[in-house]
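# Residue-level structural notes
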2 protein chains.
Amino acid sequence: MRQTDFMILGLLGESPLSGYQIKKIVDIRFRFFWSESFGQIFPALRSLASEGMIEEVPADGAQKRGRKTYRITPAGTEALKHWLMQPVEKETYRLEILLKMYFSNYVEPEAMLNHMQAFQAAHRQQLYILDRFQKEVEGIIDRDENHGEVLRVIDCGQKLNRAYLEWSRETIVYLERKKNNAAKNS
Amino acid sequence: MRQTDFMILGLLGESPLSGYQIKKIVDIRFRFFWSESFGQIFPALRSLASEGMIEEVPADGAQKRGRKTYRITPAGTEALKHWLMQPVEKETYRLEILLKMYFSNYVEPEAMLNHMQAFQAAHRQQLYILDRFQKEVEGIIDRDENHGEVLRVIDCGQKLNRAYLEWSRETIVYLERKKNNAAKNS
DNA sequence: CGGCGCATGTAACTTGTTACATGATTCC
DNA sequence: GGAATCATGTAACAAGTTACATGCGCCG
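Residues numbered from 1 in each chain as written. Chains lettered and ligands numbered in written order. Predicted model: local features only at pLDDT ≥ 70, side-chain atom pairs only at ≥ 80, totals over all residues. Heavy atoms only, no water.

Our focus in this paragraph is the protein's contact with DNA strand C. Around DNA strand C sit 16 residues, and of these Q40 of chain A together with Y20, R67, K68 and R94 of chain B come closest. Counted by atom, the contact set of DNA strand C within 4 Å of the protein is 78% sugar and phosphate. Listed by contribution, the elements that provide at least two residues to the surface near DNA strand C are α3 (38-50) of chain A together with α2 (19-28) and α3 (38-50) of chain B. Of the residues that constitute the surface near DNA strand C, the class distribution is two nonpolar, seven polar and seven charged. (Near = heavy atom within 4 Å. Helix = DSSP H or I, 4+ residues; strand = E, 2+ residues; numbered from the N terminus. Nonpolar A, V, L, I, M, F, W, Y, C, P; charged D, E, K, R; others polar.)

With that out of the way, let us pick up the nonpolar core. As a rule of thumb, soluble globular proteins bury nonpolar side chains together. Counting residues in each nonpolar core, the largest one holds 106 residues, and the members touching the most others are I22 and F30 of chain A together with I22 and F30 of chain B. Ignoring anything within four residues of it in the chain, the contact list for I22 of chain A reads M7, I8, L11, L12, L17, I41 and L45 of chain A. (Core = buried A, V, L, I, M, F, W, Y, C linked by side-chain atoms within 4.5 Å. Buried < 20%, exposed > 50% of the residue type's maximum accessible area, 1.4 Å probe, protein only. Contact = heavy atoms within 4.5 Å.)

Close contacts around DNA strand D come from 17 residues, with Y20, R67, K68 and R94 of chain A together with Q40 of chain B the closest. Restricting attention to atoms of DNA strand D within 4 Å of the protein, one finds that 80% of them are sugar or phosphate atoms. The backbone of Y20 of chain A places a nitrogen or oxygen atom 2.6 Å from a phosphate oxygen of DNA strand D. Contact between DNA strand D and R46 of chain A: a phosphate oxygen at 2.9 Å from a side-chain N or O atom of the residue. Every element with two or more residues in the surface near DNA strand D is listed here: α2 (19-28) and α3 of chain A together with α3 of chain B. (Polar contact = N/O pair within 3.5 Å; in protein donor to acceptor, adjacent residues only side chain to side chain.)

Before going further, it helps to examine the interface of chain B and chain A. Contacts between the two partners involve 67 residues from chain B and, on the opposite side, 67 residues from chain A. Together, the buried faces of chain B and chain A total about 7,000 Å²; carbon and sulfur atoms form 65% of this surface. Its largest share of buried area at the contact with chain A, chain B owes to R94, Y102 and Y106 of chain B, together 14% of the area lost on that side. The tally of links between chain B and chain A comes to eight salt bridges. Note that R94 of chain A and E36 of chain B form a salt bridge whose closest N and O atoms lie 2.6 Å from each other. (Buried area = accessible area lost by both parts, 1.4 Å probe. Salt bridge = Lys/Arg side-chain N within 4 Å of Asp/Glu carboxyl O.)

Okay, the domain arrangement of chain A next. Many structure descriptions define interface size as the accessible area lost when the parts assemble. Residue and element names in this part refer to chain A. By domain assignment, chain A separates into domain 1 (3-85) and domain 2 (96-185). Computed from C-alpha coordinates alone, the two centres of domain 1 and domain 2 are separated by 30 Å. Contact with domain 1, which involves five residues of that partner, is made by eight residues of domain 2. Both sides together, the interface formed by domain 1 and domain 2 hides about 570 Å², and carbon and sulfur atoms give 68% of it. Counting the surface domain 1 buries against domain 2, the share from its top three residues, R29, R31 and F32, is 77%. Viewed at the interface, domain 2 and domain 1 are joined by zero residue pairs in polar contact (both at pLDDT 80 or more). (Domains from an automatic or database assignment.)

Moving on, we come to the pattern of salt bridges. Here the structure, examined in full by the defined rule, presents 22 salt bridges over all chains. Note that R152 of chain B is salt-bridged to E170 of chain A, the shortest N-O span being 3.6 Å. Taken together, the residues R152 of chain B in helix α7 (residues 147-184) and E170 of chain A in helix α7 (residues 147-184) connect one chain to another. Measuring nitrogen to oxygen at the nearest pair gives 3.0 Å for the salt bridge that ties E110 of chain B to K179 of chain B. With E110 of chain B in helix α6 (residues 109-139) and K179 of chain B in helix α7, the pair connects residues that are 69 residues apart, well separated along the chain. Accessibility expressed as a relative area gives 38% for E110 of chain B, which makes it partly exposed. Assessed through its relative accessible area of 31%, K179 of chain B is described here as partly exposed.

Turning our eyes to something else, we now look at the side chain of Q120 of chain B. For Q120 of chain B, the position within the fold is in helix α6. By relative accessible area, which is 10% here, Q120 of chain B ends up buried.

Quick look at the packing of aromatic side chains now. The tally for this structure, following the rule as stated, stands at 20 aromatic pairs over all chains. For the ring pair F119 of chain A and W167 of chain A, a centre distance of 5.8 Å and an interplane angle of 85° mean the geometry is edge-to-face. Pair noted here: F119 of chain A is in helix α6 (residues 109-139) and W167 of chain A is in helix α7, with a separation of 48 residues, a long-range link. Here F119 of chain A and W167 of chain A have matching classes, each one buried. Aromatic pair Y102 of chain B and F103 of chain B: ring centres 5.4 Å apart, planes at 80°, arrangement edge-to-face. (Phe/Tyr/Trp six-rings, centres within 6.5 Å; stacked < 30°, edge-to-face > 60°.)

Turning next to the layout of surface pockets. Quantified by volume, the largest pocket comes out at close to 490 Å³. Along its surface, the largest pocket is lined by 20 residues, and E89, K90 and E91 of chain A together with R31 and A122 of chain B are the ones closest to its centre. Going through the elements one at a time, β3 (91-95) of chain A together with α2 and α6 of chain B are the ones with two or more residues in the lining of the largest pocket. Among the elements that line the lining of the largest pocket, the one with the most residues is α6 of chain B, at seven residues. Classifying every residue of the lining of the largest pocket gives nine nonpolar, six polar and five charged. (1 Å grid on protein atoms, 1.4 Å probe; cavity = no way out; pocket = protein on both sides within 12 Å on 5 of 7 lines; lining within 4 Å. Points joined across faces, edges and corners; volume = space filled by probe spheres on them.)

Structure representation (C-alpha cells):
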C-alpha cells in the first residue's frame, strides 16, 4: 500500500466520496502539502476495492450522473489506524525556486525578480485560501469531530505561507538593490 | 532535460565535481529543499556528458582513487542560463506528518505525540545545521561570489524550520491536553 | 589483513504525470 | 445546440528509489 492509498482511506473515513471528489478535496484543502493526479486516484480506488479496504456505495436515486461513490470498510479502517501509528518516513520537498535562487548569479537579477514575484503572489493566494478555510472550520459548532486536528494542519499551512511571504519580501528587496547597483556600474 | 540535470549543471558551474561529491552536497547543503539518489545522479552525468553539456576532467596525479571529476562546458552554461530564466513550474511537497495529523482522530493522541516529537527533533537539527552553514558562508570574505544568493536560500530554510518548530511546540501542547482530557474521562 | 568509508555504477521496481478518450449533465 | 463542467478511466511515459555488485585505499 502506498501513500495515495492511505490518503484515500483517510478521506473516506470521514464520508463516502467519488474519485473526482477526492481529487477536488486534495487540490483545494490539501494543496499546500499534498498532490495527486487522476492517474493515481482511480487505479488506487480500484485496487483498494479489490482488497476489500473500500466498497462501492450502491447507487440510490439521488446518485449523480455516472458517479461512483466509495465508502471505507472495517478492514480499511484497521489498515488506516495501523498506518497512522507507524512513524512518518517520507518527507518530500523539491522547491525549484530555491534551486534557481541558489544558482541565480548566472543571470540578470531581473529574471529572478520575476520568479519571486510569481512565487509571492502564489503564496499570498494560498494564505488567503487557508484563512478562509480556517474560518469555515471554526464556524461549525459540531463537536466530536476532527476539527482540532484540521485546525492544527491549517495552522501549519498558515505559518509556512507567512514564512514564504516574509522571505519573498526580503528577497525582492535584495534583488532590487542588486539590480540598481548593476545599473549604476554600467 | 530534467530538474536533476539542471541541479548538476548549477553545481558544476561553481566548481568541477564527481557524482559522489554532488550527492554529498545535496544531502547536506540542499537537504531542506532538495533530494537526489545515486540512481539519478550517475545516469544524469552520463547523459549530460554525451550531450556535451559537461565533460570529464582529465585525471591528473592528485586524482583520488577511481574518482571521475566533471566540469561544465560552454554549452552547459548556456543551457543552465536558459533554464534559470524560465518560470518556475514545479513545486513538490508531500508532508506525511500533516496527512497523519489531519486523520489522527482515529488513533490515540499518544501515537501522534511520538510522531510530533520526532518531527520536532529533526527540524531542530536542521535549523542547527543551517545556522552553522550561514556562519560558514558569512565568514568567507571573498566577494564577487554567489554568497548573497546562498544566504538568501539559507534564510528561507531558517524561516521554514522556525515555522515548523513553532508549530510543533503548539501542536505538542494541543496533543498533551487532549491526552489528559481522555485520561480524565475514562 | 580486515573492515570501513570512498566511489561508481546498474537493473528492477515503484511511483507519479500527461495526454488522451469517452460520455453525461447543466446552463445559457 | 454548443460550451463548460462533471466524471471516469487508461496507456505511455517520465521520474525516482532500492538493492545490489564492484573495487580501491586508508587506517589500525
